[in-house]
Amino acid sequence: MRTVDPVKHAAKRRQILEAAAACFADKGFHGTRTADICARAGMSPGNVFHYFPSKHAIIVALIEQEGVETAAYLAELSREEDPLAALFGLIDAVVRLAADPTYAGLTLDTAAEARRDQNIGALVARNDRQLRTGIADLLRRAAAAGQIDDTLDPDRAATWVAAQIDGLFARGATDPDFAPLDQAPTLHLLLTRFLGAEPT
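Numbering of residues starts from 1 in each chain and follows the order in which that chain's sequence is written. A pLDDT threshold of at least 70 governs which residues receive local features in this predicted model, and a stricter bar of 80 or more applies before side-chain atom pairs are shown or counted, although totals over entire chains, interfaces and linings include all residues. For side-chain calculations, the full set of non-hydrogen atoms in the structure is used, while hydrogens and water are omitted.

Visitor: Just to check I follow, could you spell out the overall build of the chain for this structure?
Guide: Going along the chain from the N terminus, every DSSP run of H or I of four or more residues is numbered as a helix, and every run of E of two or more is numbered as a strand. The secondary structure content of the chain amounts to 9 helices and 0 strands. Seen in sequence order, the chain has helices and strands lined up from the N terminus as α-α-α-α-α-α-α-α-α. Counting only C-alpha atoms and orienting by the principal axes, one finds that the chain spans roughly 60 × 45 × 30 Å. Buried residues are those whose accessible area, probed at 1.4 Å on protein chains only, stays under 20% of the maximum for their type, while exposed residues exceed 50% and partly exposed ones sit between those limits. Residues counted as buried form 38% of the 200 residues belonging to the chain. The criterion used for residue contact is that any of the two residues' heavy atoms lie within 4.5 Å. For the chain, restricting intrachain contacts to residue pairs at least 6 apart in sequence, the fraction spanning at least 24 positions comes to 70%. Approximately 11500 Å² of the chain is accessible, and the part contributed by carbon and sulfur atoms is 53%. In this tally Asp and Glu are treated as negative and Lys and Arg as positive; neither His nor the chain ends contributes. For this purpose, a charge sits on NZ of Lys, CZ of Arg, CG of Asp or CD of Glu. Counting 21 positive and 27 negative side-chain charges, the chain places the averaged centre of each group 9 Å from the other. A 1.4 Å probe and the Shrake-Rupley method give the accessible areas. Residues count as covered only by the protein chains that appear here.

Visitor: I keep staring at the packing of aromatic side chains and nothing clicks. Help me out?
Guide: What counts as a ring pair is set by centres within 6.5 Å for rings of Phe, Tyr and Trp (its six-membered ring), and what kind of pair is set by the plane angle: stacked under 30 degrees, edge-to-face over 60, tilted for all other angles. Summed over all chains, the structure comprises 2 aromatic pairs. An angle of 85° between the planes, with centres 4.6 Å apart, marks the rings of Phe24 and Phe29 as edge-to-face. Residue class for Phe29 comes out buried when judged on its relative accessible area of 3%. Seen from their ring centres, Tyr103 and Phe169 are 5.8 Å apart, and the 40° between their planes marks the pair as tilted. Here Phe169 lies in helix H8 (residues 154-174) and Tyr103 lies in helix H6 (residues 101-116), a separation of 66 residues in the sequence.

Visitor: Just to check I follow, could you spell out the nonpolar core for this structure?
Guide: Across soluble globular proteins, nonpolar side chains show a tendency to be buried alongside one another. Grouping buried Ala, Val, Leu, Ile, Met, Phe, Trp, Tyr and Cys residues that are joined through side-chain atoms within 4.5 Å yields what is termed a nonpolar core. Counting residues in hydrophobic clusters, the biggest one holds 31 residues, and the most contacted among them are Leu87, Ile135 and Leu139. Here the element with the most residues in this core is helix H5 (residues 83-98); it accounts for 9 residues. Non-local contacts of Leu87, meaning those with residues more than four positions away in its chain, are made with Ile135, Leu138, Leu139 and Leu195. Core analysis: the next-biggest nonpolar cluster, separate from the first, contains 25 residues, Ala19, Ala41, Met43 and Tyr51 among them.

Visitor: Please clarify how a negative patch on the surface should be interpreted in this entry.
Guide: Patch rule: a residue counts if its relative accessible area is over 30% and it has no salt bridge; like charges are joined within 9 Å, and nonpolar side chains (Val, Leu, Ile, Met, Phe, Trp, Tyr) within 5 Å. Salt bridges are counted wherever a side-chain nitrogen of Lys or Arg sits within 4 Å of a carboxyl oxygen of Asp or Glu. A contiguous patch of negative charge on the surface is contributed by Glu76, Glu80, Glu81 and Asp82. The topology assignment puts Glu76 in helix H4 (residues 55-78).

Visitor: Which parts of the structure should I look at to understand the packing of H5 against helix H9 (residues 180-195)?
Guide: The relative placement of two packed helices is expressed as an angle between their axes plus a distance between the axes. The axes used here are C-alpha line fits, helices contributing only the stretch in contact, and every angle between their N-to-C directions lies in the interval 0 to 180 degrees. For the pair H5 and H9, the least separation of the axes is 10 Å and the interaxial angle reads 150°. As judged from the angle between their axes, H5 and H9 are roughly antiparallel. At the point where H5 passes H9, the crossing takes the right-handed sense. The residues of H9 that touch H5, namely those facing Leu84, Leu87, Phe88, Ile91, Asp92, Val95, Arg96 and Ala98, are Pro180, Leu181, Ala184, Leu187, His188, Leu191, Thr192 and Leu195. Residues that form the contact of H5 with H9 fall into these classes: 12 nonpolar, 2 polar and 2 charged. Put simply, angles under 35 degrees are roughly parallel, angles over 145 are roughly antiparallel, angles from 65 to 115 are roughly perpendicular, and the rest are oblique. A clockwise turn of the near helix away from the far one marks a right-handed crossing, whereas an anticlockwise turn of less than a right angle marks a left-handed crossing. Any residue that is not Ala, Val, Leu, Ile, Met, Phe, Trp, Tyr, Cys, Pro, Asp, Glu, Lys or Arg is counted as polar, Gly included; the first ten are nonpolar and the last four charged.

Visitor: How should the confidence of the model for the chain be read in this particular structure?
Guide: In low-pLDDT segments, the atomic positions of the prediction should not be examined closely. Per-residue confidence from the predictor is given as pLDDT, running between 0 and 100. With 98% of its residues at a pLDDT of at least 70, the chain reaches an overall mean of 92. Summarising per-element confidence for the chain, the mean pLDDT is lowest in H6 (87) and highest in helix H7 (residues 118-144) (97).

Visitor: Sorry if this is basic, but what is going on with the state of the cysteines here?
Guide: Between two cysteines, a covalent bond joining their sulfur atoms is known as a disulfide. For this text, the term disulfide refers to a pair of cysteine sulfurs within 2.5 Å. In total, this model carries 0 disulfides according to the counting rule given. In this model Cys23 remains outside any disulfide bridge; the closest cysteine sulfur is found in Cys38, 9.3 Å from its own. Here Cys23 falls in the buried class, since its relative accessible area comes to 3%. Overall, Cys38 belongs to the buried group, its relative accessible area being 5%.

Below, the structure written as structure tokens:
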């Protein structure tokens with residue numbers, strides 16, 4: 001029996017997912033044909049279907065991958081000594097992602113698909129809970145360190161920080177005049193005042 005090289009297998013999967021993400025960002029999930037993904041990846045349909053049985057499976061894999069990457073990043077932030085700096089580091093990372101047209105477009109289309117597909121909706125909701133939990137943990141630590149207003153409910157505050165993140169992607173994806181990187185200082189100011197933190 002032929003042995004599968006895990007490194008090559010992972011690289012091929014990544015190649016397909018990157019191609020699919022670009023296609024979905026350009027045309028949306030429903031506007032993208034499997035043939036579009038194959039062409040962008042430079043692979044035959046048979047090769048693509050060897051790794052993913054359907055376009056839906058590719059969408060699911062992209063959302064699951066985002067969850068894995070977010071979990072790893074939040075784990076890194078949880079080890080930072082300065083929780084408030086870690087939070088604003090997260091915000092800056094999000095701003096950079098929102099400035100990427102492919103990522104922003106994909107994020108918006110994923111949110112729309114989550115309303116139409118129950119399984120995708122459950123995955124998106126899980127990723128969202130994971131993000132808000134990570135933010136809430138940073139806020140609890142920041143409050144304990146005297147860095148922010150300790151009367152704020154960390155879970156509720158985390159929901160509003162996440163809402164600012166959602167708005168950033170929505171505005172970036174739909175407003176051609178909105179430049180996320182240029183807006184970063186204003187977002188910092190808004191969150192600093194909301195959290196009752198000292199200006200950085």
